[in-house]
Structures are given as C-alpha cells and as structure tokens.
Amino acid sequence: MIKLKGIAAASGISIGPAYRVGKEELTIPKEAISEQDVPLQIQLFEEALIKTRREIIELQKKIGAEMGQDEAQIFDAHLLVLEDRMLIEEIISRLKKERFNVAFIFSEVLKKYIEVFSKIEDEYLKERIADINDVGRRILRNLLGKSRMALSDLQERVIVVAHDLSPSDTAAMHKKNVSAFVTDIGGKTSHTAIMAKALEIPAVVGVEGVTLKIKSGDILIVDGSMGMVIINPDEETLRIYQDEDVRLRGITEEFLAVKDLPAITRDEHRVEITANIEFPDEVPSVKLHGAEGIGLYRTEFFYMNRKDLPSEEEHYQAYKYVAEAMQPHSVIIRTLDLGGDKFLSQFNIPQEMEPFLGWRAIRFCLARPDIFKVQLRAILRASVHGDLRLMYPMISGIEELRQANQILAEVKEELRNKGIPFNADIQVGAMIEVPSAAMTADILAQEADFFSIGTNDLIQYSLAVDRVNEKVAYLYEPAHPAVLRLIRNIIQAAHQANIKVGMCGEMAGEPSFVLILLGLGLDEFSMPPQVIPQLKYIIRAVAFKEAQDIAVEALKLSTGKEVEEFAQVKFREIVR
C-alpha cells in the first residue's frame, strides 16, 4: 500500500481500478518546401482549422446536452483561438517567408504563444495555457493525419490517471465510466479541477510522479477532500473508505434539500452564500443552486482572444442582463484584472507598454484610464437595472483606492452632464489580496463600502509560493497560521468600521474551512455554484458560537497541516 499526497481539487471518495493515460507525443517533421508548395500548405492549414472547428462544435454540443451549457462554455475559448486572425496571419506569413511545412511552422508559433502565456502572473489566466495547448494539438493531429483514442470510448468504470488532462479529454469522458481524476500536475483552478466539479466526481491534482507509480489495473482510493491517493490499499483501509463513501453519498440528498433555504446557523446568525461567475450565461446555474447573489463577476474575458477593445455597449448589455436576472440580489462586478502583458498580442499596444512585474489589475487601470473609464461607465449605466456593486482588484494601499474613486467620480460627473441615469450611491469595495492591504485594512475600511478577500493571491503573496508550479505547490497552504491571522485581521478591521467582508477565493468554497471562516466572522462566502448546497447545509447545521470556538482553537495551532487536520475533524463531526 502506497499513500500519495496531492492537491484536493474536487471533493468526494472513489474506489476502483486505475486507467493510466500515456502522455501524447507528436513527432513534427521539419521539411523545406518550394515557393510553389506554399498555396497547398495554406490549404492544408485551412482544412485543419475547419476540421478542428467542427470537432470542437460537436464536442461542445455533446457536453451541452449531457452536462449543461455552463460546462460547454469552456470550449468558447477554444473556438476563439481558431478565429484569432493574428495567429492565422502569423502562420501564413512565416510559411511564405521561411518555407517549411505548415505543421512545423504551426508547432513553432504554438510554442511561442504558450511561452507568452506561461509568463503571465495571473494564476487563472496562466492555467488557460491548457486551452491554447489543447486546440493546438488538435490542429497538429489534423495536419499530421493522426488520431487519439477518446476517453469517451472507455468500456468500464475507472479512475483516470494522467500527467495532465486537456479540456477535450475531461469533457469527452462519460461520468458513468470515469469515477475520478488523478494528475501529475495542475492546481485547483485547472480545467481538470473545474470539470471534475462539474461532473461531481473526485479529483486530486499536482501529485508529482503519480504516472510513474501507478499502472493500469492498480486498485486506487481517491480522496478528493483530503488530496490523498492510495495505491493498492489493504483490506482495513479499503473497508474504512468504503464506509466513508457510503456515508458521503447518503448526505448528498440532504445538501440539495437546503439549497433554497437561507444560510443561517442554529443560533440565528445569518451569512450570505453567493456565486462566482465569468459569463452572463452562468446565471441560470447560479439560481438553480440557490445562490443569494453574485459575489464575484470576473470581467477579463471581455478583453481576451480579440484584436480590439470591447465597447462600452458590450459591457453595458452584459451587466444589465446579469443585474436584472439576479434581482433582488446583489451582483459584485470586479473591474478589469489584467496586465499590459496580456494586451500586447491582441491590441498592438505600443512598445513602451512592455510588461513588468506586478503591472496588472488596478495598477493597469490607473495607468490606462481610457480603458478603465469605458468599463466604469458601463457599470454605472447598468446600476439602475438592479443591485450592482463594483470592487477594485489588487488594491495595495489607500492611495490606489483614492485614485480609483477619483476616476469613478469623474465618470459619474460625465454621466450627470449628459443626463444619463445611474445609481449615484453604488457601493464600491476593495479586494484584499495583497499583504500590504491586509495589514492596513483598518485604513482602507474607512473609505471602502465593503471588502472581498481574494485568498488565491493573498496566500501566494503571503507564503511566496506559485501554486501553479507543481514543484512548490505543496507549500500552498490556505490553512497556514499566517493566512488565518491575516484573514482575522481583515475581518476585524472591516467590522470595526461597520462594513461587511466577503471572500471570493477558492478557500470560501472549501467545505472543511467553512467552520473556521464562519467563526472568524466572515459575512459572505462566494464560490462556484455547484458547491453552494453543501456550504448551506454545513452553516445551517452548526451554531455560530460553536464556529467561533472552532476558530479560536484553529488560531492556536502551529502549522497549516495541523489546522487542516483539525478542520477536517470538525467538519466530519458536523456532516455525519
């Protein structure tokens, strides 16, 4: 029996045989071509693009029918890659200039794009390398006339073990034949994790070297809640996990029974459970799972995979739809959280806009008020259609908050002068995701209407760890005592200033951390919609006083591992 520790990506327990997926190796020939061959190579490239597009659309339709439109939307980004004129024009230009076969030229350009994305600081966008790589390999297979066995062809129920899984791999699987995922690399926001949650099956990622230690047919236990993989367990371990699996399946129905009830503790303490979204089309899922609003509406995808900037009207129509659809609940829009390095390929921004460390989010917006004001105008215009609020990402100090609010005031004045209606009292919050902001939360609380804690970045910056890098992923500890103390300080500072504080990072949707966060006094938990029923169940099953006592005990512990183990024990006492 061998136990391996990875990153808990999707909760639950699965027991069954392993199916190891080999890492796909594509051999790309480098062949010189004549000038007369160039038109034929361009034709081959266009045919490969058409075939790839057809494959993705068919896959998207299949996923939409089997899993819902929210999951099918993952492939919108893939289709946009196929329509990227700059990418296509670069391939054709290099083909004419360098005169090598199109498969080789395409593979070289693909490597360049992946390298550019790998340097992006934003964790979520960095992990979108999977989109580019997945589409790229599809195109290469079609250029080379090769095919790959689809995991949808699996004939028996297995646990899939792979170095990594592309969005196409995970989406093509049938839930009836795949009971869990285990991968060498990846993080909690990787496509493997996202699709595992959508399929409602366990997943453990970032298990370094797992494909070297597991062979097809090995019996595995995958504990997606603890990030544990057990190879060929003994009979006693097997029995323990089988009993736990039965118990967990039994309480799933209990979770769903409370999804439309308020998140209120046994002693009448009320908190809000809201959802994180990226696209307006996710609103039906948000409502279906019982969310009490949207705590994080990411807006970066307005700007991605295009050569031009989105118009004010594009922003406005999307925000208006979400605001109206979510009434009477609130919708918190996070302003643009991109850096200059993400605009270069799409927008041909001048050379002086070369990226440098940390130039992103509010810093970028303050440097480019022309881009920032377009979004602010749209948000303000849409604010008359519902309870819209806005928050600035990556605020590091009071100066940035004041500068952003000054630009907002200018936009308000412009709208007033034009007689355009808006909510003059729109609430404006600050994301607390930088240690300097956490340490000066008492100052920021005097001028912000609310806080939202972005734990993904806060943990990385506080612990100096890149959670996407599998070599140091084990150091990424949401339960680290330093992180808990920062969260406690933020909440205390907010409450002393009589403002509410929410959390929209991954930590807010982790069931084992709910009791600690509740006890620390968090007012709002924002998370992926699918997690909401379980979180409501936990909160309704405990007294606020109990949660406060749990938080006090957790703060006395010395290591993140101790806190995680303590949290798991308390969680299982509640959910039993």
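Residues numbered from 1 in each chain as written. Predicted model: local features only at pLDDT ≥ 70, side-chain atom pairs only at ≥ 80, totals over all residues. Heavy atoms only, no water.

**A word on the overall build of the protein**
Put simply, the test is: The helix count covers DSSP runs of H or I at least four residues long, the strand count covers runs of E at least two residues long, and both are numbered beginning at the N terminus. When a residue's accessible area, from a 1.4 Å probe over protein chains only, is under 20% of the maximum for its type it is buried; when over 50% it is exposed; and in between it is partly exposed. Contact definition: two residues touch when any of their heavy atoms are within 4.5 Å. Calculation of accessible area relied on Shrake-Rupley with a 1.4 Å probe; when residues are assessed, cover is drawn exclusively from the protein chains displayed.
For the protein, the count of helices and strands is 25 helices and 16 strands. With 576 residues in all, the protein has 59% of them scored as buried. Across the protein, contacts joining residues at least 24 apart in sequence account for 70% of those joining residues at least 6 apart. When the accessible surface of the protein is totalled, it reaches about 24000 Å², and 51% of it is carbon and sulfur.

**Things to note about the pairing of strand β8 (residues 228-231)**
The cut-off we apply is this: By this definition, two strands are paired if DSSP reports at least two bridges between them.
Side-chain alternation along β8 places Met 228 and Ile 230 on one buried face and Val 229 and Ile 231 on a second face that is also buried. Sheet topology note: the strand β1 (residues 2-5)/β8 ladder contains four bridges and is antiparallel. Bridging across to β8, Ile 2 finds its partner in Ile 231. When strand β7 (residues 219-223) meets β8, the two strands line up antiparallel, connected through four bridges. For Val 222, the partnering residue across the bridge sits in β8 and is Val 229.

**Structural notes on the sheet that holds strand β14 (residues 450-453)**
What counts here: Structural elements are reduced to axes, namely lines fitted to C-alpha atoms, with helices fitted over the stretch in contact, and the angle between N-to-C directions of any two is expressed from 0 to 180 degrees.
With parallel pairing, the eight strands of this closed barrel are ordered in space as β9-β10-β11-β12-β13-β14-β15-β16. Direction aside, neighbouring strands of the sheet carry axes that sit 25° apart on average. Both β14 and strand β15 (residues 500-503) contribute to a ladder of four bridges, which runs parallel. When the bridges of β15 are listed, Phe 451 appears paired with Val 501. Set on the sheet, helix α16 (residues 369-382) makes contact with β11 (330-334) and β12 (387-392); between it and β12 the angle comes to about 155°.

**Quick look at the sheet that holds strand β5 (residues 178-183)**
Strand pairing in a sheet is mediated by backbone hydrogen bonds. Such pairs are either parallel or antiparallel. Read across the sheet, eight strands follow the order β1-β8-β7-β3-β4-β5-β6-β2 without closing on themselves; strand pairing throughout is mixed. Each having just a single partner strand, β1 and β2 (7-10) make up the two edges of the open sheet. Pairwise comparison of adjacent strand axes, ignoring direction, gives a mean angle of 30° for this sheet. Sheet strands in contact with helix α11 (residues 235-257) are β3 (13-21), β7 and β8, and its direction is about 110° off that of β3.

**Thoughts on helix α21 (residues 481-496)**
Short version of the rule: Working rule for helices: expected span equals 1.5 Å times residues minus one.
An ideal rise of 1.5 Å per residue puts 22 Å on 16 residues; α21 measures up with 22 Å between its terminal C-alpha atoms. All of the buried residues along α21 are Pro 481, Val 483, Leu 484, Leu 486, Ile 487, Ile 490, Ile 491, Ala 493 and Ala 494.

**A short note on the packing of helix α4 (residues 85-98) against helix α5 (residues 102-118)**
What counts here: Reported orientations rely on four angle classes, namely roughly parallel under 35 degrees, roughly antiparallel over 145, roughly perpendicular from 65 to 115, and oblique for the rest. Here a crossing is called left-handed whenever its near helix is offset anticlockwise from the far helix by less than a right angle, and right-handed whenever the offset is clockwise. Put simply, Ala, Val, Leu, Ile, Met, Phe, Trp, Tyr, Cys and Pro go in the nonpolar bin, Asp, Glu, Lys and Arg in the charged bin, and everything else, Gly too, in the polar bin.
Orientation of α4 relative to α5, taken along the N-to-C sense of each, is 130°, at an axis distance of 10 Å. When the axis of α4 is compared with that of α5, the two are oblique. The interaxial crossing formed by α4 with α5 has right-handed handedness. Between α4, through Met 86, Leu 87, Glu 90, Ile 91, Arg 94, Leu 95 and Glu 98, and α5, the contact on the second element is made entirely by Val 102, Ile 105, Phe 106, Glu 108, Val 109, Lys 112 and Tyr 113. Residues that form the contact of α4 with α5 fall into these classes: nine nonpolar, no polar and five charged.

Worth remembering: the numbers are spatial, not functional.
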